[in-house]
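Okay, here's what each chain looks like letter by letter:
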Amino acid sequence: MNERILALDIGDRRIGIAVTDPTRTIASPVEVLTRVGWGPDVRRITELCRQYDTVEVLSGLPLNMDGSEGFQAAKVREFCAQLEKAGLKVYYQDERLTTVTAEEALLEDNMSRQDRKGHVDKVAAAVILRQWLDEQV
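**Thoughts on the overall build of the protein**
For the protein, the helix and strand inventory stands at 4 helices and 5 strands. When the helices and strands of the protein are placed in sequence order, the string is β-β-β-α-β-α-β-α-α. Looking at the protein as a whole, 43% of its 137 residues are labelled buried. A fraction of 61% describes how many contacts in the protein between residues 6 or more apart in sequence connect residues 24 or more apart. For the protein, the computed accessible surface area is about 7,400 Å², with 49% contributed by carbon and sulfur atoms.

Given below as structure tokens:
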């Protein structure tokens, strides 16, 4: 397998984005996309997929603590349906507690609260991607 995968942490206001290396060994944060609307958001993600030469996207799926899907998960699936219409292959990964893990990692780096706010979503996307990669082995 020699293809990257782009990972998304989809929120109402921002989308955190991470990507693997071509061998799918390393998950790296890329950017935080401020949500504008489905059209522009999908275009930016497809642009990043072209840049990283992939058609595969991993989306975090915000499950309830009991493992069921709620309102937020439905919104993520709706958005990902738009990505699929744009020709991308979408996979899902349970994202419970990934933002907490990302916050803790940024705190360990002594990052200020204001700086953490601008990075936490892309670090959460990298955490989601790392968990998915670990499960693929």
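Let's pick the thread back up.
**A few points about the pattern of salt bridges**
Under the definition given, this model contains 8 salt bridges. Here Lys 75 and Asp 12 are joined by a salt bridge, their closest N and O atoms 2.8 Å apart. Placement of the pair is Lys 75 in helix α2 (residues 71-85) and Asp 12 in the loop between β1 (6-10) and β2 (14-20), with a sequence separation of 63 residues. For Arg 130, the salt bridge goes to Asp 134, with nearest N and O atoms at 3.0 Å. Taken as a pair, Arg 130 and Asp 134 lie in helix α4 (residues 113-136) at a separation of 4 residues, close to a single helical turn. Look at the salt bridges and you will find they share partners, linking Glu 31, Arg 44 and Glu 47 into a network.

**Some words on the pairing of β2**
With 6 of 7 residues buried, β2 lies mostly within the body of the structure. Alignment of β1 against β2, held across 5 bridges, turns out to be antiparallel. Bridged to Asp 9 within β2 is Gly 16. Between β1 and the antiparallel strand that follows it, β2, lie 3 residues. Here 7 bridges tie β2 to strand β3 (residues 27-34), and the two strands are oriented antiparallel to one another. Among the inter-strand pairings, Gly 16 is bridged to a residue of β3, identified as Val 32. Hairpin connection from β2 to β3: 6 residues lie between these consecutive antiparallel strands, with Arg 24 at a positive phi of about 55°.

**Structural notes on unusual backbone geometry**
Notably, Arg 24 is not glycine yet its phi reads approximately 55°, a positive angle. As for its placement among the helices and strands, Arg 24 is situated in the loop between β2 and β3. Although it is not a glycine, Asp 53 sits at a positive phi angle of roughly 55°. You can call Asp 53 exposed: its relative accessible area is 63%.

**A short note on the side chain of Glu 56**
The topology assignment puts Glu 56 in strand β4 (residues 56-61). There is a polar contact of 2.2 Å between the side chain of Glu 56 and the side chain of Arg 24. The contacts of Glu 56, once residues within four sequence positions are left out, are Glu 3, Arg 4, Ile 5, Leu 6, Arg 24, Lys 89 and Tyr 91.

**Some thoughts on the sheet that holds β3**
Two orientations exist for strands paired in a sheet by backbone hydrogen bonds: parallel and antiparallel. Pairing is mixed in the open sheet, where 5 strands are placed in the order β3-β2-β1-β4-β5. With one partner strand each, in any of the chains shown, β3 and β5 (89-94) form the two edges of the open sheet. Neighbour to neighbour, the strand axes of the sheet diverge by 25° on average, direction disregarded.

Criteria and cut-off values
- Residues numbered from 1 in each chain as written.
- Predicted model: local features only at pLDDT ≥ 70, side-chain atom pairs only at ≥ 80, totals over all residues.
- Heavy atoms only, no water.
- Helix = DSSP H or I, 4+ residues; strand = E, 2+ residues; numbered from the N terminus.
- Buried < 20%, exposed > 50% of the residue type's maximum accessible area, 1.4 Å probe, protein only.
- Contact = heavy atoms within 4.5 Å.
- Areas by Shrake-Rupley, 256 points an atom, 1.4 Å probe, with all protein chains shown as cover.
- Salt bridge = Lys/Arg side-chain N within 4 Å of Asp/Glu carboxyl O.
- Pairing = 2+ DSSP bridges.
- Polar contact = N/O pair within 3.5 Å; in protein donor to acceptor, adjacent residues only side chain to side chain.
- Axes fitted to C-alpha atoms, helices over the stretch in contact; angles between N-to-C directions.

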